[in-house]
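Below are the chains, spelled out letter by letter.
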Amino acid sequence: MPPRGVRLSRDARRTQLLGAALDVFAAQGYHAAAMDDIADRAGVSKPVLYQHFPSKLELYRALLRTYAERLVSLVRGAMLSTTDNSLRVQGAVTAYFDFVANESKAYRLIFGSDLRGEPEASAVLDTANRECIDMVADAVTQDAGLDRDRARLLAVGLVGIGQVTAQYWLDSGQAVPRQEAVDLMTRLAWRGLARFPMVHE
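A short tour of the structure in this document, coming up. All values reported here derive from a predicted model rather than from experimental measurement.

## Topic: the side chain of K56
Then step 1. Residue position: K56 is located in helix α4 (residues 56–80).
Then step 2. Look at K56 and you get buried, because its relative accessible area is 18%.
Then step 3. In this structure, K56 is in contact with F25, Y30, H31, A33 and M35, ignoring residues within four places of it in sequence.

So, in structure tokens, the structure goes:
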């Protein structure tokens, strides 16, 4: 954290404030966190914080959007990195485990927040989930020749495997090494998906 009084570009200051907000929200939860706490954590005055985020809810939404988009980007990268579907499955599962391992505070913020019932916060999560599901469904539709409804159902299952097992792995103390956990869940998912015949090579 830069010392008080150091001038940062608007983008750099915003990044700094989001990092401080993540620490405070992760430690205290949305309802207990105060803008004073976040300003103190960032080493800025409260007016500076309000210049960037006019309310605690707006700050929270911005934080959700930032990290939800990062998770979607990881899944997108996995799906676009290869045309080998077994590697796509592995990549999608890995994306969730990598995000959990590297951004555990953000993962808990997105999937375990005490503000999940707030409509606009829920909409951020719903959008991120939908984008991940759509990417997987596109691949399933193209390669297995299933109609959109059935492809989406399979995609929901795969995304659910990545999301739920990664969260369990995090919450249970990471007793299984990360790569082994990824390999286990990839084998589970791929053995199911591989039963659907490819409509083209």
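## Some details on the pattern of salt bridges
Then step 1. Taken as a whole, this structure holds 13 salt bridges when the rule is applied.
Then step 2. E131 is paired through a salt bridge with R76; the nearest N and O atoms lie 3.7 Å apart. Taken as a pair, E131 in helix α7 (residues 119–144) and R76 in helix α4 lie far apart in primary sequence, 55 residues in all.
Then step 3. Between R148 and D138 there is a salt bridge, with its nearest N and O atoms 2.7 Å apart. Remark: D138 occurs in helix α7 and R148 occurs in helix α8 (residues 148–171); sequence separation between them is 10 residues.
Then step 4. Residue R148 is classed as partly exposed on the basis of its relative accessible area, which comes to 34%.
Then step 5. The class of D138 is partly exposed, set by a relative accessible area of 43%.
Then step 6. Several salt bridges share partner residues, and in doing so they unite D134, D138, R148 and R152 into one network.

Scoring rules and cut-offs
- Within each chain, residue numbers correspond to sequence positions counted from 1 in written order.
- pLDDT decides what is reported in this predicted model: residues at 70 or higher carry local features, side-chain atom pairs at 80 or more are listed and counted, and totals for whole chains, interfaces and linings draw on all residues regardless.
- Calculated side-chain values reflect all of the structure's heavy atoms, with hydrogen atoms and water omitted.
- Strands are runs of DSSP state E lasting at least two residues, helices are runs of H or I lasting at least four, and both sets are numbered from the N terminus onward.
- For every residue, the accessible area (1.4 Å probe, protein chains only) is compared with the maximum for its type, and the residue is labelled buried under 20%, exposed over 50%, or partly exposed between those bounds.
- In this analysis, two residues are considered to be in contact whenever any of their non-hydrogen atoms come within 4.5 Å of each other.
- Counted as salt bridges are all cases of a side-chain nitrogen of Lys or Arg within 4 Å of a carboxyl oxygen of Asp or Glu.

Just geometry here; none of it tells us what the structure is for.
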